[in-house]
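Structure at a glance
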Amino acid sequence: MAYETFTSNLPRAWAEIDLSAFERNIGKIKAALPPHVRYIAVVKADAYGHGVGHIVERLLQCGIDAFAVANAREGSDVRYIAPQSEIFILGPTLPEEFESVAADKLTVAISNADEARALSRLAEAKKTRVPVNVKIDTGMGRMGVWHEEALPLLELLPTLGGLDFRGVFTHFSSADSSREYTELQRSRFLAVVEKIPPKIRERLTIHADNSAGLETFSRKKPFNAVRVGILQYGLPPVAGTIFEEISPEPVLSFRARIGLVKTLPAGTPLSYNRTKVLDKETRIALVTAGYGDGIPTAASNKAEFVVCGKRVPVLGRVTMDQTIIDVSGVPEVRVGVPATIIGKSDGASVSIEEFCSWGGCISWEALVSITKRVPRIYHGLRNL
């Protein structure tokens, strides 16, 4: 048999990012928001694995002027692209990062009085003002001042020099699964916010909800912002939210190429620890991607990829650089053709929800786990 190949300029494995779909998602989200609610675009973790540079540029083109990141380094990266935008840090800022956040004018999340005083001293020494948000822990049990102990911190901030008190926020732990607990957290947060003097409160950005929030905002003042993360990248909204009617389009597809095709006899064990033994003669192919690229080992013997318009099963354990698939029913397959790991191809598809069900992970985790050695290829770029 001749050695048949499919030549291409494509890399061994790659992720495709559809910026036009991303822009359409942004438009739908903006249209669903009440007029008084700001859209804070969450672009942490390299914009959920989509590439922060192109994602922030497109958000700016769509009129989004506020961003959220996890830490000072991410904030600095976004500041370079968006010099005029407000950038919220959602995680804790280390003392040695105070100088850089002050220089980049990033909005720092404050959890206690010691942080506030230390940041105030630095700001005054630098003769600058650092914007700050107070994080309220209403039951997430992570960062933030415990809601019952928040008032002294809120009273302290206006007395400290060098700080610009910009907002208060909290984080719901179970917004996509427990209405009752979310409402408990919301009521705790509102009880704190109501203690802030009206003249100060009216100029604050007050946000609690993210893509999975269970309540509408128009009836829930004083909330005037929402953090939009996974929804803008194409994951479906949670039922019961103001985004319920939105049908976002997936933005990312994950593909790799076939590196080898061969036929093995019945009884052949496959991959590490022989977790799969062929029960009949089988034509197999090696996909040039593995857990080193973002395919979890938990997907071994479970996942399906799309090859030449057909869904085919993964055989044996996923390895670092290669994954074995059964291509017995795909006679046209040859070396070099693409295999779709997440996304659509030739009328067949694998959704990220399916991928996660096989991999034992959540959508957020799957997206950010597609590693740096997988280049991102962008569609829908604009020549500006």
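Everything that follows concerns the structure shown earlier in this document.
Here the residue numbering is sequential within each chain, running from 1 through the sequence in written order. Totals for whole chains, interfaces and linings use every residue, but because this is a predicted model, local features are given only for residues with pLDDT of at least 70 and side-chain atom pairs only at 80 or more, for both listing and counting. Each side-chain value is derived from all of the structure's non-hydrogen atoms; neither hydrogens nor water enter the calculation.

Quick look at the overall build of the protein chain
For clarity, the threshold we go by: The helix count covers DSSP runs of H or I at least four residues long, the strand count covers runs of E at least two residues long, and both are numbered beginning at the N terminus. Burial classes follow relative accessibility: with a 1.4 Å probe on protein chains only, a residue under 20% of its type's maximum area counts as buried, one over 50% as exposed, and anything between as partly exposed. The contact definition used throughout considers only heavy atoms, calling two residues in contact when any of these lie within 4.5 Å. Where accessible areas are quoted, they stem from the Shrake-Rupley method and a 1.4 Å probe; at the residue level, only the protein chains shown are allowed to cover.
What the protein chain contains, in helices and strands, is 11 helices and 20 strands. Summarising its shape, the C-alpha atoms of the protein chain cover approximately 80 × 45 × 40 Å along the three principal directions. Counting across all 384 residues of the protein chain, residues that qualify as buried make up 53%. Partitioning the contacts of the protein chain with sequence separation of at least 6, the portion at a separation of at least 24 is 67%. As presented, the protein chain carries roughly 17500 Å² of accessible surface, and 51% of it is formed by carbon and sulfur atoms.

Examining the pattern of salt bridges
How we decide: What counts as a salt bridge is simple: a side-chain nitrogen of Lys or Arg found within 4 Å of a carboxyl oxygen of Asp or Glu.
This structure, assessed with the given rule, holds 17 salt bridges. Arg38 is the partner of Glu86 in a salt bridge, and the nearest nitrogen-oxygen pair spans 3.1 Å. Taken together, the residues span a long stretch of sequence, with Glu86 in strand 4 (residues 86-89) and Arg38 in strand 2 (residues 38-42) at a distance of 48 residues. A salt bridge links Asp293 to Arg373, with the nearest nitrogen and oxygen atoms 2.8 Å apart. With Asp293 in the loop between strand 14 (282-287) and strand 15 (304-307) and Arg373 in the loop between helix 11 (363-368) and strand 20 (376-379), this pair connects stretches of sequence that are 80 residues apart.

What about the pairing of strand 8 (residues 163-169)?
To be explicit about the condition: We treat two strands as partners when DSSP finds at least two bridges between them.
Burial analysis of strand 8 places six of its seven residues in the buried class, which makes it a mostly covered element. Inspection of the sheet shows strand 6 (residues 130-137) paired to strand 8 by six bridges, in the parallel sense. What sits directly across from Val132, in strand 8, is Phe165. Judged from the three bridges that link them, strand 8 and strand 9 (residues 205-207) form a sheet pairing that is parallel. Bridging across to strand 9, Val168 finds its partner in Ile206.

Overview of the nonpolar core
We apply this condition: By convention a nonpolar core is built from buried Ala, Val, Leu, Ile, Met, Phe, Trp, Tyr and Cys residues, the set being connected through side-chain atoms within 4.5 Å.
Val43, Leu59 and Ile325 are the most contacted members of the largest nonpolar core, which totals 119 residues. Setting aside residues up to four positions removed in sequence, Val43 forms contacts with Val52, Ile55, Val56, Leu59, Phe67, Ala68, Val69, Val78 and Tyr233. Of all hydrophobic cores here, the second largest spans seven residues; its members include Leu264, Leu270, Ile284 and Leu286.

A look at the pairing of strand 14
Within strand 14, six of the six residues are buried, which leaves it mostly tucked inside the rest of the structure. Across the two faces of strand 14 the burial is the same, with Thr282, Ile284 and Leu286 and Arg283, Ala285 and Val287 all buried. As defined by bridge partners, strand 14 adjoins strand 17 (residues 323-326) across four bridges and the pair is classed as antiparallel. Bridge assignment links Val287 to a residue of strand 17, and that residue is Thr323.

Considering helix 4 (residues 72-81)
Condition: Note: the arc covers the axis-to-C-beta directions of the helix.
What helix 4 keeps buried is the set Ala72, Glu74, Gly75, Val78 and Arg79. Seen along its axis, helix 4 keeps its buried residues to an arc of 155 degrees; they face one direction. Opposite the buried face of helix 4, at more than 90 degrees from it, the exposed residues are Arg73 and Tyr80. As for helix 4, its buried residues are in contact with helix 2 (44-49), helix 3 (52-61), strand 3 (66-69), strand 4 and helix 5 (98-104).

So, to be careful, I would describe these as geometric facts and stop short of saying anything about function.
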